[in-house]
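The chain contents come next:
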Amino acid sequence: MPEGHTLHRLARAVQRRFRGGPLRITSPQGRFAAGAELVDGATLRRAEANGKHLLLDLGEDRHLHLHLGLFGRTTIGEAPAPQPVGAVRMRIETDTAYFDLRGATVCEVLTGTVRARLLSRLGPDPLRSDADPDRAWVRLSRSTRPVAALLMDQSVVSGVGNAFRAEVLFRHGLDPAQPGRDLTKVTWDALWADLSLLLADGVRTGRIRTLRPEHGRNRRTGPRHYVYRRAGERCLVCAQPVSVAELAGRRLYWCDSCQAR
DNA sequence: GCCTTATGTTCAC
DNA sequence: TGAACCTAAGGCT
């Protein structure tokens, strides 16, 4: 479930369970064998997330960079680690815990210089206290691209994925096709604040919860989102069918009536 | 079992 | 714009 909240949640868990060391780092599947050799036996100084990237500082100018992509999955558990089943790209073990990574898009060791270059490409992350939303506003307010595309562009804002994109636009009644430069600063500030709240809730709960209480936030059954993955179903607010369209290779969901310009 | 889909990114054309 | 990457889950048969 990799949007930004997943990675921040993971960073916290890794920091709590694996700080210190030494760490036994291996690649049972073999695809990360060379990288694992570089960092096996290292000590974890710090684990942090930037957008959807997880970075582990292992000292001696070695930074383990993970990106889950669409398929990446992680498992954290108590030692002893079970016999690896299937494609475990990387395993980190201590005497008390283990961490398994499968299916990730990226698993590599970077120098501090390359790490800095990577981070410089990312827009502000609503989950980070050092983020500057005005940097995103500069991009948004000058762009003719649809706001729905800009929110998914990690160099504009980092950490927002398809689910949060659809939901936050619905919560603010915004037409996804509206060009970025047509947004007001007030609207952007509200979007940013809402993204910060929604993502932070995701870090706490491990889920994407976007419904307001009056629309079933605490209900156990029924829809969990306003529009995301609800194509053709009734909008929770106006009962019109939810729309879906392909935008830049991803499915975009919205309510034509609640999100009219 | 097989087929589809998926909360993502990069690269080739 | 489309394919490739790569794994798991859910719906279907």
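Structure: see above.
Described below are features of the structure shown in this document. Computed from a predicted model, the values in this text were never measured in an experiment.

Let us now look at the protein's contact with DNA strand B. Near DNA strand B there are 19 residues, and of these Lys52, Gly161, Ile208, Tyr228 and Arg250 occur at the shortest range. Between DNA strand B and Leu70 there is a distance of 3.4 Å, counted from a sugar or linking oxygen to a backbone nitrogen or oxygen. The contact in question runs from a phosphate oxygen of DNA strand B to an N or O atom on the side chain of Tyr253, over 3.5 Å. For the surface near DNA strand B, the class distribution of residues is 7 nonpolar, 6 polar and 6 charged.

Helix length check: helix α1 (residues 4–18), at 15 residues, gives a terminal C-alpha distance of 21 Å against a target of 21 Å (1.5 Å per residue), a fit within 8%. Once α1 ends, the next one or two residues include Gly20, with phi positive near 85 degrees.

Turning to the packing of helix α6 (residues 162–171) against helix α7 (residues 185–205), a few remarks are in order. One can describe the packing of α6 onto α7 by two numbers: an axis separation of 10 Å at closest approach and a directional angle of 130 degrees. By the angle class used here, α6 and α7 are oblique. The handedness of the crossing between α6 and α7 comes out as right-handed. Contacts between α6 and α7 involve Phe164, Val168 and Arg171 on the former and, on the latter, Leu191, Asp194, Leu195, Leu198 and Leu199. Grouping the amino acids of the contact of α6 with α7 by side-chain chemistry returns 6 nonpolar, no polar and 2 charged.

A few words on unusual backbone geometry. Along the chain, Ala79 connects to Pro80 via a cis peptide bond; the corresponding omega equals 0 degrees. Mapped onto the secondary structure, Pro80 falls in the loop between β5 (73–78) and β6 (90–93). Within the chain, Ala239 stands out as a residue other than glycine whose phi angle is a positive 70 degrees. Given a relative accessible area of 32%, Ala239 falls into the partly exposed group. At Ala248, a position not held by glycine, the phi torsion is positive, near 50 degrees. Relative to the elements of secondary structure, Ala248 occurs in the loop between β9 (243–247) and β10 (250–254).

This part takes up the protein's contact with DNA strand C. Surrounding DNA strand C, one finds Gln29, Arg31, Phe71, Ala87, Arg102 and Gly103. Within 4 Å of the protein, atoms of DNA strand C come from sugar and phosphate in 65% of cases. The side chain of Arg102 places a nitrogen or oxygen atom 2.9 Å from a phosphate oxygen of DNA strand C. Split by residue class, the surface near DNA strand C holds 2 nonpolar, 2 polar and 2 charged.

Let us now look at the layout of surface pockets. In this structure, the second largest pocket encloses a volume near 390 Å³. Lining the second largest pocket are 17 residues, with Thr6, Arg9, Leu10, Thr74 and Gly206 positioned closest to its centre. Those elements that place two or more of their residues in the lining of the second largest pocket are α1, β5 and α7. At 7 residues, the largest contribution of residues to the lining of the second largest pocket is made by α1. Tallied by class, residues from the lining of the second largest pocket come to 6 nonpolar, 6 polar and 5 charged.

On to the packing of aromatic side chains. Evaluation of the coordinates by the stated rule reveals 4 aromatic pairs. For the ring pair Tyr228 and Tyr253, a centre distance of 5.6 Å and an interplane angle of 80 degrees mean the geometry is edge-to-face. Linking Tyr228 in the loop between α7 and β9 with Tyr253 in strand β10, this pair joins segments that are 25 residues apart in sequence.

Cut-off values and rules
Residues numbered from 1 in each chain as written. Chains lettered and ligands numbered in written order. Predicted model: local features only at pLDDT ≥ 70, side-chain atom pairs only at ≥ 80, totals over all residues. Heavy atoms only, no water. Near = heavy atom within 4 Å. Polar contact = N/O pair within 3.5 Å; in protein donor to acceptor, adjacent residues only side chain to side chain. Nonpolar A, V, L, I, M, F, W, Y, C, P; charged D, E, K, R; others polar. Helix = DSSP H or I, 4+ residues; strand = E, 2+ residues; numbered from the N terminus. Expected span 1.5 Å × (residues − 1). Axes fitted to C-alpha atoms, helices over the stretch in contact; angles between N-to-C directions. Parallel < 35°, antiparallel > 145°, perpendicular 65-115°, else oblique. Left-handed = near helix turned anticlockwise from the far one by under 90°. Contact = heavy atoms within 4.5 Å. Buried < 20%, exposed > 50% of the residue type's maximum accessible area, 1.4 Å probe, protein only. 1 Å grid on protein atoms, 1.4 Å probe; cavity = no way out; pocket = protein on both sides within 12 Å on 5 of 7 lines; lining within 4 Å. Points joined across faces, edges and corners; volume = space filled by probe spheres on them. Phe/Tyr/Trp six-rings, centres within 6.5 Å; stacked < 30°, edge-to-face > 60°.

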